[in-house]
Amino acid sequence: MSRNSKLNMGPNQVHENTPLHRGLKQRHITLMSLGSAIGVGLFLGSATAIKLAGPSILLAYVVAGIAMFFIMRALGEMAIQNPVAGSFSRYAQDHIGPLTGFITGWNYWFVWVVTCMGEITAIGVYMNYWLPGTPGWIWALAALVIMSAVNFINVKAYGEFEFWFALIKIVTIILMIIMGLLIILFGIGNGGVATGIHNLWTHGGFFAHGFKGFLFSFQIVMFAYLGIEMIGLTAGEVENPEKTLSKAIDNVFWRILIFYVGTLFVVMSLYPWNEIGTTNSPFVLTFEKLGIRGAAGIINFVVLTAALSSCNTGIFSTGRMLFNLAEQGQAPRSLGKVTKSGIPAKAVIVSSIALLIGVVLNLTVPAEAFTWITSIATVGAIWTWAVILLSQIRFRRKMSAEQASSLKYKTPMFPIGSYLTLVFLVIVVGLIAWSSDTRIAIYVGIVWYAVLTLCYYMFKSKFVPSKR
């Protein structure tokens, strides 16, 4: 097939013979992406970001959100033209080169394994709220087994399961924003005295820690957006990719931006930013202010489902990425086999085993090391986002003006928007390297990418893409 003929193929014509089943609907992938990006950090970890930047964290989320908008539109442009499992790994392979595709695929698998290690470890902490004294590793292991089992259901059932998991988080966030606005505007729950929004500037100003604090908050903010790109991994299993992916990508971006900015706006308006996190979760404090009994238990249940949801999505993502690598001949062929219900079972099992090792390791790794792992995951995510942009730029270069104008889903402000977003990602990496607390992530990243490059050249003669 010629290059131009492939570019002109419709979105449902490329890779139609995928053994994966197209059982995911728009509501499934929208909620899956929302659920993976809105994790436990928003409920319990937002205090760290607020302490770093003060109220200016709101602006940091907006700036990062704009960058993610261009990344997601670039991904959507390619995914709608060529909806395949593995998504950005396959696009890197096709438009940049096999080495980049190899590194991107294995890197994204690693990022989600690391992220899921954190989630399943956190589950033990949350269960300790109701059953104090029980070993955390038991709950972590139970969660891993259950979530792995869910990933063996047919993809439509999996999507339904994840839909309701993510919905719990989203409903909680919406209630938080509505209740907070009632207190801010009408004083409900505060003796009828409206609190207003003066807390956003009366405790050291909007940029309470100066421009430096604002800049360094981006390493945390960007980690919060990790997961939004997983919409691309659903491309090989979604019904009507052209319609479904375009709507899901646009909706997810705006909803995540509103949820993050809206929630933190309410929290920092209600409470002085320098007091947040010193007593309890802002969500618990707000619900208690409105007289809701058992607020701590409710929020603990929500963050538990948030961790389970993220773990569930992580196993899905890692399984599909290994399946894609096997299809490209860059992983053992057995990982490219699927069950009768279209599930890449062996790829899911391998990912779950890797997570099991993570559970064991987290029993002995100190808390400081876990913070480093979070930074490492952020660096890995930035690699993925940068590759998406670079792939899309090369994707466009292969097109004639006529082909580019006929695209059904385009990235706005191309190519300026794509290049500016790349510059922004480079700046964030520089900030991670600058901070002594997170600099280790850069060292680990360099070693990791060097190892992947070495593996590629050692085994590339054995890479035989699937003839499927």
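Residues numbered from 1 in each chain as written. Predicted model: local features only at pLDDT ≥ 70, side-chain atom pairs only at ≥ 80, totals over all residues. Heavy atoms only, no water.

Asker: How should I be thinking about the overall build of the protein chain in this particular structure?
Answerer: Assigned secondary structure in the protein chain consists of 18 helices and zero strands. In the protein chain, which comprises 468 residues, the share counted as buried stands at 57%. The contacts of the protein chain with a sequence gap of at least 6 include a subset with a gap of at least 24, amounting to 84%. Summed over its atoms, the accessible surface of the protein chain is roughly 18700 Å², and 68% of this surface lies on carbon and sulfur atoms. (Helix = DSSP H or I, 4+ residues; strand = E, 2+ residues; numbered from the N terminus. Buried < 20%, exposed > 50% of the residue type's maximum accessible area, 1.4 Å probe, protein only. Contact = heavy atoms within 4.5 Å. Areas by Shrake-Rupley, 256 points an atom, 1.4 Å probe, with all protein chains shown as cover.)

Asker: Can you walk me through the side chain of Thr-305 in this structure?
Answerer: Its place among the elements puts Thr-305 in helix α13 (residues 295-327). Engagement of the side chain of Thr-305 in a polar contact is seen with the backbone oxygen of Val-302, the distance being 2.7 Å. Look past the residues within four positions of Thr-305 in its chain and what remains in contact with it is Phe-165 and Ile-168. (Polar contact = N/O pair within 3.5 Å; in protein donor to acceptor, adjacent residues only side chain to side chain.)

Asker: Honestly, the nonpolar core in this entry has me stumped. Any pointers?
Answerer: Soluble, globular proteins show a tendency: their nonpolar side chains are buried together. Ranked by internal contacts, the top residues of the largest apolar core, which has 123 residues, are Ile-57, Tyr-225, Met-268, Trp-385 and Leu-425. Contacts of Trp-385, omitting those with residues within four sequence positions, involve Met-68, Ile-71, Met-222, Tyr-225, Leu-226, Glu-229 and Leu-425. (Core = buried A, V, L, I, M, F, W, Y, C linked by side-chain atoms within 4.5 Å.)

Asker: Got a minute to help me understand the pattern of salt bridges in this structure?
Answerer: If the charged atoms of two oppositely charged side chains come close together, the side chains can form a pair. Summed over all chains, the structure comprises one salt bridge. A salt bridge links Arg-396 to Glu-77; the nearest nitrogen and oxygen atoms lie 2.8 Å apart. On the criterion of sequence distance, the pair formed by Arg-396 in helix α15 (residues 367-397) and Glu-77 in helix α4 (residues 57-81) is long-range, its members being 319 residues apart. For Arg-396, a relative accessible area of 14% corresponds to the buried category. (Salt bridge = Lys/Arg side-chain N within 4 Å of Asp/Glu carboxyl O.)

Asker: Whenever I open this one, the confidence of the model for the protein chain confuses me. Can you help?
Answerer: In low-pLDDT regions, the fine details of the predicted coordinates are not to be read closely. Overall, the predicted model of the protein chain reaches an average pLDDT of 78, with 79% of residues at or above 70. Of all the helices and strands in the protein chain, helix α1 (residues 3-7) carries the lowest mean pLDDT, 41, while helix α17 (residues 416-434) carries the highest, 93. Predicted confidence is poor over residues 1-17, with pLDDT under 50, and the contacts of this stretch with residues over four places away or in other chains come to 32 contacts. (pLDDT = per-residue confidence, 0-100.)

Asker: Whenever I open this one, the packing of helix α5 (residues 88-95) against helix α6 (residues 98-127) confuses me. Can you help?
Answerer: Helix-helix packing: each pair is described by the crossing angle between the helix axes and the interaxial distance. With their axes 6 Å apart at the nearest point, α5 and α6 run at an angle of 165 degrees to one another. By the criterion of interaxial angle, the relationship of α5 to α6 is roughly antiparallel. Judged by the sense of rotation from one axis to the other, the crossing of α5 with α6 is right-handed. Across the interface between the two elements, Phe-88, Ser-89, Ala-92 and Gln-93 of α5 pack against Pro-98, Thr-100, Gly-101, Thr-104, Gly-105 and Tyr-108 of α6. For the contact of α5 with α6, the per-class residue count stands at four nonpolar, six polar and no charged. (Axes fitted to C-alpha atoms, helices over the stretch in contact; angles between N-to-C directions. Parallel < 35°, antiparallel > 145°, perpendicular 65-115°, else oblique. Left-handed = near helix turned anticlockwise from the far one by under 90°. Nonpolar A, V, L, I, M, F, W, Y, C, P; charged D, E, K, R; others polar.)

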